[in-house]
Structures are given as C-alpha cells and as structure tokens.
Amino acid sequence: MSVEDDKRLAAEAAVAEVRDGMVVGLGTGSTAAFAIGALGARVARGLRVLTVATSEATVRAASAVGITVSDFADYATIDLAIDGTDEIDDRMWAIKGAGGAMLREKAVAAAARRFVVIADGSKRVPAIGAAKLPVEILPFARSFVTAQLSTLGAIVTVRPDYRTDNGNLVADCRFAPMPDPRVLARMIDKIPGVLGHGLFLDEVDAAYIATDGVVARLERGGRSD
C-alpha cells in the first residue's frame with residue numbers, strides 16, 4: 001500500500017458518514033481531494049447533498065465531479081465537514097493549512113456539527129509541533145506581524161508570490177520546540193494583523209487515519225475503532 005492508497009482509504013471511510021440531505025464542508029489539499037472524489041462517486045449513484053467549499057480549488061474540484069457547491073456565507077451551521085491535516089495527535093489537536101486555506105477551513109470546521117479529519121499514518125504524531133504552522137496575515141501589517149511571531153520563538157518565512165483566496169499573505173512558522181499549543185494559539189490570536197492560523201485545538205471531533213491499508217477511527221475523548 002502506498003501513501004496515496006492510505007489517503008484514499010481514509011477519505012472513503014470519512015465519506016461513509018455522509019447521509020442523504022446533509023450539508024457537507026469540503027476541505028482543501030491532496031487528501032481532501034480523495035474525499036471529493038469519493039463523495040462525487042456517491043452523488044453519481046444518487047446521494048443528495050449540498051456542500052460548501054474551503055477554497056476556490058475545492059469549488060472547481062467538487063463541481064467537476066457533479067457535486068453541488070453552495071456559498072458558505074449563507075450557512076450558520078452545517079452537518080459535517082471533512083478535511084485533511086498536516087499533523088494530528090491523540091488529543092485531537094491538529095496543525096493544518098499547508099494548502100493556505102486554514103482561515104476558511106477553521107470557519108467551516110467551527111460551523112460543523114461534526115468535523116472529521118483524514119490522513120495517512122505519517123500525519124499521526126505523539127504531539128503536534130514539528131510541522132510548520134501557517135498564519136494568515138493582513139498584507140498591510142506584514143512586517144509588524146512577522147516580528148511579533150519571531151518574538152514567540154518562531155522562524156518565520158512569508159510565502160513568496162502567494163496570496164490566499166482572501167487576498168492575504170501566509171507566514172509559515174517553525175518552532176523548536178513548539179510552546180504549549182493552547183498558550184501559543186492565544187498569543188498569536190492577540191497579534192493585530194493576524195487573521196487566522198493553523199492550530200486546530202478544539203475543532204476536530206474525529207480522525208480517520210490509514211496506515212498500510214488499515215483505517216483507524218479516533219474520536220475526541222479517546223474512543224477508537
């Protein structure tokens with residue numbers, strides 16, 4: 001089994017949670033793409049769902065396989081959201097945003113009654129912190145925000161020639177080691193000019209993680225299958 005096979009298996013397991021009539025949030029990135037494909041196959045067989053997308057790339061991918069995409073601006077809550085992750089630990093703490101969509105992803109995750117992440121086994125870690133932490137920045141405040149992030153102990157790299165779908169910059173932050181994630185999240189949130197970041201500490205309800213062809217489901221609170 002390859003890593004791509006494991007991504008596909010995890011995605012298919014998560015998409016099995018989708019029921020007729022649901023409003024489903026679709027994530028961004030290579031693993032989320034497998035979920036879009038799996039959902040599209042179910043839609044082709046008659047499943048009726050509405051979806052909201054976390055990026056313009058996801059809108060295009062979903063539309064290409066026959067999935068109806070609605071404007072998230074019209075929804076206060078949705079039933080289920082499915083997305084990938086860059087790292088996740090057994091506390092259901094995750095780092096997300098390598099694809100640059102973490103602000104929209106967090107909004108959709110927070111609106112979801114259930115938020116599920118999908119990953120291959122390499123993304124499951126004892127404690128998050130090795131992956132780069134993306135931070136979405138108002139361009140007007142670039143220098144100020146990057147300086148403030150540096151004072152928190154980060155090595156900061158602003159992605160060159162890159163803008164999010166919101167028109168903002170992304171700064172990738174590496175910590176060695178990462179401070180307490182909850183404290184760090186609060187500190188980053190306090191910086192004027194920061195619009196979002198990739199620490200997902202309360203949003204994830206469950207994870208489907210596939211390793212060598214075997215899918216494990218982890219639930220917040222410790223239950224697993």
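Summarised in this report is the structure supplied together with it. (Residues numbered from 1 in each chain as written. Predicted model: local features only at pLDDT ≥ 70, side-chain atom pairs only at ≥ 80, totals over all residues. Heavy atoms only, no water.)

**Focus: the overall build of the protein chain**
And then number 1: Along the protein chain, the regular secondary structure elements total six helices and 14 strands.
And then number 2: In terms of overall dimensions, the protein chain is globule-like: its C-alpha atoms have a radius of gyration of 17 Å, near the 17 Å expected for 225 residues.
And then number 3: Summarising its shape, the C-alpha atoms of the protein chain cover approximately 50 × 35 × 30 Å along the three principal directions.
And then number 4: For the protein chain, the proportion of its 225 residues judged to be buried stands at 50%.
And then number 5: Put simply, the protein chain shows about 10,100 Å² of open surface, and 54% of that area lies on carbon and sulfur atoms.
And then number 6: Where the 26 positive side-chain charges of the protein chain centre and where its 29 negative ones centre are 2 Å apart. (Helix = DSSP H or I, 4+ residues; strand = E, 2+ residues; numbered from the N terminus. Rg over C-alpha atoms; globule rule 2.2 N^0.38 Å. Buried < 20%, exposed > 50% of the residue type's maximum accessible area, 1.4 Å probe, protein only. Areas by Shrake-Rupley, 256 points an atom, 1.4 Å probe, with all protein chains shown as cover. Lys, Arg positive; Asp, Glu negative; His and termini not counted. Charge placed at Lys NZ, Arg CZ, Asp CG, Glu CD.)

**What about helix 6 (residues 181–189)?**
And then number 1: Among the residues of helix 6, those classed as buried are P181, L184, A185 and I188. What you see down the axis of helix 6 is that its buried residues fit within an arc of 100 degrees, all on one side.
And then number 2: Close packing links the buried residues of helix 6 with strand 8 (133–137), helix 5 (142–151), strand 11 (194–197) and strand 12 (199–200).
And then number 3: A distance of 2.9 Å separates the backbone nitrogen of R182 from a side-chain oxygen at the start of helix 6, and that oxygen is part of D180. (Arc of directions from axis to C-beta. Contact = heavy atoms within 4.5 Å. Polar contact = N/O pair within 3.5 Å; in protein donor to acceptor, adjacent residues only side chain to side chain.)

**Concerning the nonpolar core**
And then number 1: With 25 residues, the main nonpolar core has V18, L26, L39, I67, I82 and I118 as its most contacted residues.
And then number 2: Within the residue set of this core, elements represented by two or more residues are helix 1 (3–15), strand 1 (23–26), helix 2 (30–44), strand 4 (78–84), strand 7 (112–120) and strand 13 (206–211).
And then number 3: Setting aside its immediate chain neighbours within four residues, I82 contacts A14, V15, V18, G25, L26, G27, A35, V116 and I118.
And then number 4: One finds L133, A171, A185 and V194 within the second-largest nonpolar core, a separate group that totals 24 residues. (Core = buried A, V, L, I, M, F, W, Y, C linked by side-chain atoms within 4.5 Å.)

**Focus on the sheet that holds strand 2 (residues 50–53)**
And then number 1: Spatially, seven strands are ordered 3-2-1-4-7-13-14 in an open sheet, and the strand pairing comes out mixed. Sheet topology places strand 3 (69–70) and strand 14 (214–219) at the edges, where each strand pairs with a single neighbour.
And then number 2: The sheet contact formed by strand 4 and strand 7 spans six bridges and is parallel. If you follow L80 over to strand 7, its bridge partner there is R114.
And then number 3: Against the sheet, helix 4 (residues 102–111) touches strand 1, strand 2, strand 4 and strand 7, its axis set at about 130 degrees to strand 7. (Pairing = 2+ DSSP bridges. Axes fitted to C-alpha atoms, helices over the stretch in contact; angles between N-to-C directions.)

**Examining the sheet that holds strand 11**
And then number 1: One open sheet accounts for four strands, arranged 9-10-8-11; its pairing is antiparallel. Sheet topology places strand 9 (155–158) and strand 11 at the edges, where each strand pairs with a single neighbour. Pairs of neighbouring strands in the sheet enclose a mean axial angle of 30 degrees, with direction left out of account.

**Remarks on the layout of surface pockets**
And then number 1: Taken as a whole, the largest pocket encloses approximately 190 Å³ of empty space.
And then number 2: The wall of the largest pocket is formed by 17 residues, among which T28, G29, S30, T85 and D86 lie closest to the centre.
And then number 3: With three residues, the single largest contributor to the lining of the largest pocket is helix 2.
And then number 4: Each residue belonging to the lining of the largest pocket can be placed in one class, and the counts come to three nonpolar, nine polar and five charged.
And then number 5: The volume enclosed by the second largest pocket comes to roughly 160 Å³.
And then number 6: In terms of lining residues, the second largest pocket is bounded by 13 residues, among which A53, T54, D71, F72 and R104 are the most central.
And then number 7: Taken together, the elements giving at least two residues each to the lining of the second largest pocket come down to helix 3 (56–64), strand 3 and helix 4.
And then number 8: In terms of residue count, helix 4 provides more of the lining of the second largest pocket than any other element does, three residues in total.
And then number 9: A breakdown of the residues in the lining of the second largest pocket according to their chemical character gives seven nonpolar, three polar and three charged. (1 Å grid on protein atoms, 1.4 Å probe; cavity = no way out; pocket = protein on both sides within 12 Å on 5 of 7 lines; lining within 4 Å. Points joined across faces, edges and corners; volume = space filled by probe spheres on them. Nonpolar A, V, L, I, M, F, W, Y, C, P; charged D, E, K, R; others polar.)

**Digging into the side chain of T58**
And then number 1: Positionally, T58 belongs in helix 3.
And then number 2: For T58, a relative accessible area of 3% corresponds to the buried category.
And then number 3: Of the polar contacts made by the side chain of T58, one reaches the side chain of T28; its length is 3.2 Å.
And then number 4: Contact partners of T58, with chain neighbours within four places excluded, come to L26, G27, T28, I36 and A53.

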